[in-house]
Amino acid sequence: MGEQQVIGIVGGGPGGMAAAIALRQLGREAVVFEQAARLGRVGADINLTPNAVRALDQLGVGEGLRRTAARPSHRISRTWDTGEETSRLEMGAAAEQRYGSPQLTIHRADLLDALVPALPADALRLGCTLSALREDGDRTVLEFADGGSAAVDVLVGADGIHSVVREALFGPEQPEFTGVVAYRAVVPAARLEGVPNLGAFTKWWGPDPATQIVTFPLNRGEDVFVFATRPQDSWREESWTAPGDVAELRRAYAAFHPEARALLDACDAVLKSALYVRDPLPRWSVGTRTLLGDACHPMMPFMAQGAGMAIEDAVVLARALAAHEPADAAAALRVYEAARRQRTADVQVGSRGNEWLKVAGNADWVYGYDAWTVPIG
């Protein structure tokens, strides 16, 4: 790693990878430590709204994203039983003109496939499951489950909702189960002939804030992603890979409009997860160690901003570190946290309330944010 300051990033998800790419673009040495032995096709499908795509475009990965992503034409809100449209926000070319980048919907694995080539091979270390942290003078030593270790000058915990880094810095957390479960499925668009708005991001607002069906196109429109939530107190498994029951899914939304039910009727497999809520953390950083993305501000999925907030974090973090001398890394992390904490808290709380864009409203405060130019420090 040489004598240059080394920034170690635990977690090779979109936020961690984006941070490493941004840091290297800005002249800093960054290495990602990822627990997976290989980057397979796991995880959820991701809605990258214009604020996230703009940040990624300036990382130079936009062409790779567009190779497999879909571009929703609109963001539509509909009422669960009547089918009435309560808002329709034009996306596609209109969003690109207004915000500088479009909305893209993509599988997490395809997003990572676009990010990986932007890093040199030695900047991504797979099979590194973090087991403990310890201090060694001014550095932090990462100890891995296989017995290996690495020393870094700055540590970034981008290791997700069950962050080992967060627990090491601030102790164990006690997330609160929301009483809401989520279902996920992917359906070939060819099975949905006659169903309107397949090219749009459509949210069917249910009879209560916890009940909804969201759909959007994937794979350049060849598939449709279905994401549905409803109250259910008896299921508490917080996993994005647990199988669900398609018949249960259909029963849960039997009273919805026929066009919504048609989407569920076409599902032949579904995954199910319990949703937990965390309060905004009072602080993210301790000295030269900090957090990013879901590790510090996990949020409900109702504003589709989990990945977007992590990617924004990544860019602002890189800008803050690049603007300070290596010896001032702790000050840089304070600047990063101060620039990001209120915005992420607003989105975190807004996602929990699940009222955003239910009726026509202004999306600019979310979609118009530019992580590369927003004032920091």
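The text that follows walks through the structure, step by step, so that each part is easy to find. This one's a predicted model, so the numbers in the text were calculated from it and none came from an experiment.

**Quick notes on the overall build of the protein**
A count of helices and strands for the protein gives eleven helices and 17 strands. In terms of C-alpha radius of gyration, the protein reaches 20 Å, essentially the compact-globule figure of 21 Å for 377 residues. In terms of overall dimensions, the protein has C-alpha extents of about 65 × 45 × 35 Å along its principal axes. A total of 377 residues make up the protein; the buried ones form 54% of that total.

**Observations regarding unusual backbone geometry**
Within the chain, Asn197 stands out as a residue other than glycine whose phi angle is a positive 65°. Relative to the assigned elements, Asn197 resides in the loop between β12 (176-188) and β13 (201-205). In this structure Asn197 comes out as partly exposed when scored by relative accessible area, which is 24%. Although it is not a glycine, Ala304 adopts a positive phi angle of roughly 55°. Note on placement: Ala304 falls in the loop between β17 (289-291) and α9 (306-322). Since its relative accessible area comes to 22%, Ala304 is described here as partly exposed.

**A closer look at the sheet that holds β13**
Pairing within the open sheet is mixed, and its seven strands lie in the order β5-β4-β13-β14-β15-β12-β16. Each edge of the sheet is formed by a strand with only one pairing partner; in this case those strands are β5 (85-90) and β16 (271-277). With strand direction ignored, the average angle separating the axes of adjacent strands in the sheet is 15°. Bridging between strand β4 (residues 74-79) and β5 involves five bridges; their strand directions are antiparallel. Counted as the bridge partner of Ser77 is Ser87 from β5.

**Observations regarding helix α1 (residues 14-25)**
Compared with an ideal rise of 1.5 Å per residue, which puts twelve residues at 16 Å, α1 spans 16 Å between its outermost C-alpha atoms and is within 8% of the ideal. Among the twelve residues in α1, ten count as buried, and that is most of the element. All of the buried residues in α1 are Pro14, Gly15, Gly16, Met17, Ala18, Ala19, Ala20, Ile21, Ala22 and Leu23. On its buried side, α1 packs onto β1 (6-10), β2 (29-33), β3 (45-48), α5 (108-115), β7 (124-125) and α9.

**Focus on the side chain of Arg343**
Mapped onto the elements of the fold, Arg343 is located in helix α10 (residues 329-353). Within the structure, Arg343 has its side chain in polar contact with the side chain of Glu312 (distance 2.8 Å). Among the polar contacts made by the side chain of Arg343, one reaches the main-chain carbonyl oxygen of Val366 at a distance of 3.0 Å. Setting aside residues up to four positions removed in sequence, Arg343 forms contacts with Asn51, Met309, Glu312, Trp365, Val366 and Tyr369.

**Side note on the environment of His107**
Within the secondary structure, His107 is located in strand β6 (residues 104-107). Since its relative accessible area comes to 11%, His107 is described here as buried. As for His107 and Leu26, which are separated by 81 residues in sequence, their C-alpha atoms are 28 Å apart. From its side chain, His107 meets the backbone nitrogen of Ala109 in a polar contact 2.9 Å long.

**Thoughts on the packing of aromatic side chains**
Tallied over the entire structure, the rule returns ten aromatic pairs. Ring-pair connections join several aromatic residues into one group, and the members of that group are Trp80, Tyr183, Tyr253 and Phe256. Of note, Arg343 hangs over the ring of Tyr369, and the distance from its end group to the ring centre comes to 3.9 Å.

**Here we look at the pairing of β2**
Most of β2 sits out of view: five of its five residues are buried. Burial along β2 is two-sided: the residues Glu29, Val31 and Phe33 and Ala30 and Val32 are all buried. Regarding the hand of the β-α-β motif, the stretch spanning β1, α1 and β2 is right-handed.

**Re the packing of α9 against α10**
Contact pair α9 / α10: the axes reach a minimum separation of 8 Å and the direction vectors enclose 155°. By the angle between their directions, the pair α9 and α10 is classed as roughly antiparallel. The element α9 and its partner α10 pack so that their crossing is right-handed. Contact residues: α9 offers Met309, Glu312, Asp313, Val316, Leu317, Ala320 and Leu321, while α10 offers Ala329, Ala332, Leu333, Val335, Tyr336, Ala339, Arg340, Arg343, Thr344 and Val347.

**Topic: the pairing of strand β9 (residues 139-144)**
Note: strand β8 (residues 130-136) against β9, six bridges, orientation antiparallel. Note that in β9 the partner of Arg134 across the bridge is Val141. Where β8 folds back on β9, the antiparallel hairpin that results is connected by two residues, among which Gly137 adopts a positive phi of roughly 65°. Hairpin connection between β9 and strand β10 (residues 149-152): a loop of four residues separates the two successive antiparallel strands, and Gly147 in this loop has a positive phi of roughly 95°.

**Considering the sheet that holds β2**
The strand order β7-β2-β1-β11-β17 describes an open sheet built from five strands, whose pairing is parallel. Looking at which strands have only one partner, the edges of the open sheet turn out to be β7 and β17. Bridge count for β1 against β2 is five bridges, and the pairing is parallel. Its bridge partner lying in β2, Gly8 is registered against Val31.

**Concerning the pattern of salt bridges**
Applying the stated criterion to the full structure yields 21 salt bridges. The salt bridge partner of Asp364 is Arg98, with a shortest N-O separation of 2.6 Å. Highlighted residues: Asp364 in helix α11 (residues 364-367) and Arg98 in helix α4 (residues 92-99), separated in sequence by 266 residues. Close ionic contact of Glu337 with Arg341 constitutes a salt bridge, the shortest N to O distance being 2.8 Å. Remark: Arg341 and Glu337 occur in helix α10; sequence separation between them is four residues, near one turn of the helix. Since its relative accessible area comes to 9%, Glu337 is described here as buried. By sharing partners, the salt bridges in this structure join Arg166, Glu173, Glu238 and Arg278 into a single network.

Cut-off values and rules
Residues numbered from 1 in each chain as written. Predicted model: local features only at pLDDT ≥ 70, side-chain atom pairs only at ≥ 80, totals over all residues. Heavy atoms only, no water. Helix = DSSP H or I, 4+ residues; strand = E, 2+ residues; numbered from the N terminus. Rg over C-alpha atoms; globule rule 2.2 N^0.38 Å. Buried < 20%, exposed > 50% of the residue type's maximum accessible area, 1.4 Å probe, protein only. Pairing = 2+ DSSP bridges. Axes fitted to C-alpha atoms, helices over the stretch in contact; angles between N-to-C directions. Expected span 1.5 Å × (residues − 1). Contact = heavy atoms within 4.5 Å. Polar contact = N/O pair within 3.5 Å; in protein donor to acceptor, adjacent residues only side chain to side chain. Phe/Tyr/Trp six-rings, centres within 6.5 Å; stacked < 30°, edge-to-face > 60°. Lys NZ or Arg CZ within 6 Å of the ring centre and 35° of its normal. Right-handed = clockwise from strand over helix to strand, strands pointing away. Parallel < 35°, antiparallel > 145°, perpendicular 65-115°, else oblique. Left-handed = near helix turned anticlockwise from the far one by under 90°. Salt bridge = Lys/Arg side-chain N within 4 Å of Asp/Glu carboxyl O.

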